[in-house]
Structures are given as structure tokens and as C-alpha cells.
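# Architecture at a glance
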Amino acid sequence: MKTLLLAVALGTCSVLAHAKAPIGIIIHGGAGTISRDSMTPEQEQAYHAMLTHAVNQGYSVLERGGSSLDAVTAAVTVLEDSPLFNAGKGAVYTFDETHELDASIMDGRNRAAGAVAGVTNVKNPILLARAVMEKSVHVMLSGKGAEQFAKEQQLELVENSYFNTEFRYEALKRAKQAITSQPHQAAMPYDPAWKMGTVGAVAIDKKGNLAAATSTGGMTAKRYGRIGDAPIIGAGNFADNSSCAVSATGHGEFFIRYQVASDICARVKYQKIAANTAARQVLAELKQVGGDGGVIVVDNKGQLSWVFNTEGMYRAQKTEGGKVVSEIFAETN
């Protein structure tokens, strides 16, 4: 299998091109200020190991003939169970020293979608988002109502302390120190390090169906029930068989305002341009207005790509007949 790697001034983009639409999956673990100087070899190895494990779990579903929806669910569940990423077990702290989690999932066959926001006791929010999509008449549930629905669906519930991690708590303390002089969070300066680790996956299955899933713990020290782009269909997550599937990570407010995920797919559908080209365009435009982040994309021809405008993005991909490609930093090793 031939792999075409395209480096772009925007950040980094890799593309896998195929004559047909084979199975494939890409995952991400967040984009932001990621450099080798701030990471030990042991930490780097741990991230690569977890990214490889997650992408293999998703790919194994596709290889057995399973759906893209099942594949992205499997991959994101693995990432939610890891303390390395800002989702599930590794969720960041709110200002009040608790955890509020968001997630969404979308089926490219019919644009069915499910999302949850501000949940505090659901072990795997992505499973709840899927339950909303498949077992309710709604698209998004939030807070206590979403948790009640999770209980009715017999999903695994945990104490909020399950999501506690020491290094996330240290990040909260640093964030609080930085915003002490601000009268309220809306006035505080944005630090990219406060919004890292959102996880996501996009995939194409043997039937050519696309799916996307995104999950996050949100922004460190968030207040007032703040919700980012991850559970917003069209902003942090989108899938449509007529164009592409996208999962995003970054400064959520910008991704919401510019509807990043759906904009990429709209350009593919209506301008008839390649998905990686559309992603580069959108991320470049976002950078001009101050929006940092990245996206993973799969189009309906089976082309996989990732694009980001930050120093790095935790990411991995696997296609039919190929080996796992796992990368962290902007430059290609």
C-alpha cells in the first residue's frame, strides 16, 4: 500500500489514497502545545502505545466486517478509559474541582446523531451519546437528564472522583493562578494548554459507510456549565456519506462559531474538492482568527487525512493492508 504524506505550511497533513474505498480508521487524542522538550521518552512511548491500541481496536471491528459506527465507538471507548487523554478517565477539572464530560457520535448513512453534555457520573460518555442516537428521539441530552437516561439504559455509572488524576489537578491549580486577577472566566486569556486531549475517531467500513465520534472533558477550569465543540454536531463532529466524516479538537469556541466539521464536508460536497484540501483551507482560515486545533477526516472514497495548525496532535491511523501510523509532533519522523 502506498502512502502519500503531504506536509503543509499550516501544520501537518497526511493522506492515504486508494483506488477503491477500503476500510480505514483515524483517531486523535487532542491537538495543542505539544513538543519533545516537554515530554519524556517514557511519556512519548506511553502515548504511542495507547494510540496504537485504540486504533487497532477500532480497525479490528472493521476487519471483521463490522460497521464504522461500531469501530469509532470501540476506539473512543479505549481512549476514554485511558488517563492520558482529556476524555473519560483523564478528564480535566472544572473550576469547582469536579468533572463535566461531553461527547457526540454521528452516522454518515442518514446523519443520525447523538450527543451528551455536562455529564458527571457516566464512565464512557461516547456510549451514552450513541444510546441517545439509537434509543431516543433526541439528538442531545445534558446534565442530570442525560445521567437519568444513562441509568435507564443501564450504562456503567461511576463516582465523579473516578475521573480524578494528579496531573490534571496540578493543571487546574496553574489555571486558577492565571485567572485569579480576572473578574470572571469570560474575560480570561486563553491558554492552549488548558484545552488539550479531546479524543475522536472517524472511519469507513466495508460498505462504504462513514462515522465520526468525539469525546472530551472540556476546558480546564471551565465554569458556568461551559460546553465546547465536541458535543455540537457540525462543529466538533460530523459525518455524511455524501462527503466525509470529521472529528475535531482545539479551542471549542472557535470551532462552534465557524462550524468547522460541517464546513469541511460542505466544501467537499459542493465545491468538489479533496477532503484534505478542504480541511487545510478551513484550519488555515481558523488560524487567521485565532482558532487553534486540528481535525481528522475520512471521505467517501476512503481517503484518510489529518490536519492541524498547532505544534502537535496525538494521532494514529490504519488502513487495509497497512501498518499503524502513530504520530505526535508536527514534523514527520
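Conventions adopted
Residues numbered from 1 in each chain as written. Predicted model: local features only at pLDDT ≥ 70, side-chain atom pairs only at ≥ 80, totals over all residues. Heavy atoms only, no water. Helix = DSSP H or I, 4+ residues; strand = E, 2+ residues; numbered from the N terminus. Expected span 1.5 Å × (residues − 1). Buried < 20%, exposed > 50% of the residue type's maximum accessible area, 1.4 Å probe, protein only. Arc of directions from axis to C-beta. Pairing = 2+ DSSP bridges. Axes fitted to C-alpha atoms, helices over the stretch in contact; angles between N-to-C directions. Contact = heavy atoms within 4.5 Å. Phe/Tyr/Trp six-rings, centres within 6.5 Å; stacked < 30°, edge-to-face > 60°. Lys NZ or Arg CZ within 6 Å of the ring centre and 35° of its normal. Disulfide = S-S within 2.5 Å. Core = buried A, V, L, I, M, F, W, Y, C linked by side-chain atoms within 4.5 Å. Salt bridge = Lys/Arg side-chain N within 4 Å of Asp/Glu carboxyl O.

### Digging into helix α8 (residues 275-288)
Compared with the 20 Å implied by 1.5 Å per residue over 14 residues, the 20 Å span of α8 between its first and last C-alpha is a close match. Among all positions of α8, only A275, N276, A278, A279, V282, L283 and L286 are buried. Here the buried residues of α8 occupy an arc of 155° about the axis, which is enough to place them on one side. Just downstream of α8 lies G290, where phi reads positive at about 100°.

### Some thoughts on the pairing of strand β11 (residues 293-299)
Most of β11 is tucked away: seven of the seven residues are buried. Across five bridges, β11 lies against strand β12 (residues 304-308) in antiparallel orientation. Residue pairing in the sheet places V295 in a bridge with V307 of β12.

### Quick notes on the sheet that holds strand β13 (residues 312-319)
With respect to topology, eight strands assemble into an open sheet ordered β6-β5-β4-β8-β7-β3-β13-β14, the strand pairing being mixed. The sheet is open, and its two edges are formed by β6 (140-142) and β14 (325-329), each paired on a single side. Across the sheet, the mean angle separating the axes of adjacent strands is 10° when strand polarity is ignored. As paired strands, strand β4 (residues 101-107) and strand β8 (residues 210-216) are joined by six bridges and run antiparallel to one another. Paired with S104 across the strands is T214, a residue of β8. Across the sheet, helix α2 (residues 68-80) is in contact with β3 (24-32), β4, β7 (199-204) and β8; its angle to β7 comes to roughly 160°. Of the strands in this sheet, β4, β5 (112-119), β6 and β8 touch helix α3 (residues 125-135), which is tilted by about 135° from β5.

### Side note on the environment of V307
With respect to the helices and strands, V307 occurs in strand β12. Given a relative accessible area of 1%, V307 falls into the buried group. C-alpha of V307 to C-alpha of A31: the two residues are 276 residues apart in sequence and 9.9 Å apart in space.

### Quick look at the packing of aromatic side chains
With the rule as written, the count across this model stands at five aromatic pairs. Measuring from centroid to centroid gives 6.0 Å for F85 and Y314, while their planes differ by 80°, and the two rings are edge-to-face. With a gap of 229 residues between them, F85 in the loop between α2 and β4 and Y314 in strand β13 connect regions that are remote in the sequence. What makes F85 buried here is its relative accessible area of 0%. Residue classification places Y314 among the buried positions, given a relative accessible area of 6%. Seen in terms of ring centroids, Y162 and F163 are 5.0 Å apart; in terms of plane orientation they differ by 80°. Their pairing is edge-to-face. Of the residues examined, F163 reaches a relative accessible area of 0% and is grouped as buried. Over the face of the ring belonging to Y162 we find K89, whose NZ or CZ atom lies 4.8 Å from the ring centre. Sitting above the plane of the F95 ring, R223 keeps its charged end 3.9 Å from the centroid.

### Focus: the state of the cysteines
Considering all chains together, one arrives at one disulfide under this definition. One disulfide in the model links C244 with C265; its S-S distance is 2.2 Å. Between C244 and C265 the sulfur-sulfur dihedral comes to about -120°; the bridge is accordingly left-handed. Of this pair, C244 sits in strand β10 (residues 244-250) while C265 sits in helix α7 (residues 260-271), and the two are 21 residues apart along the sequence. A single burial state applies to C244 and to C265, both of which are buried.

### Section: the pairing of β12
The buried fraction of β12 is high, at five of five residues. Because side chains alternate across β12, one face comprises the buried residues L304, W306 and F308, and the other comprises S305 and V307, equally buried. Here β11 hands over to β12 after four residues, with G302 in that stretch at a positive phi of 90°.

### Considering the nonpolar core
Of all hydrophobic cores here, the largest spans 49 residues; its most connected members are I25, I27, I105, L128 and Y314. Excluding residues that lie within four positions of it along the chain, I27 makes contacts with L51, A54, V55, A75, L79, G200, A201, I296, Y314, R315 and A316. Counting residues in each nonpolar core, the second largest holds 36 residues, with V202, L210, F255 and V260 among its members.

### Let's talk about the pattern of salt bridges
Close approach of charged atoms allows side chains with opposite charge to pair. Taken as a whole and assessed by the stated rule, the structure comprises 13 salt bridges. Here K144 and E147 are joined by a salt bridge, their closest N and O atoms 3.9 Å apart. Here the residue K144 and the residue E147 both occupy positions in helix α4 (residues 143-152), the gap between them amounting to three residues, near one helical turn. Its relative accessible area of 67% is what places K144 among the exposed residues. Overlapping salt bridges, with partners in common, bring together D70, R130 and E134 in one network.

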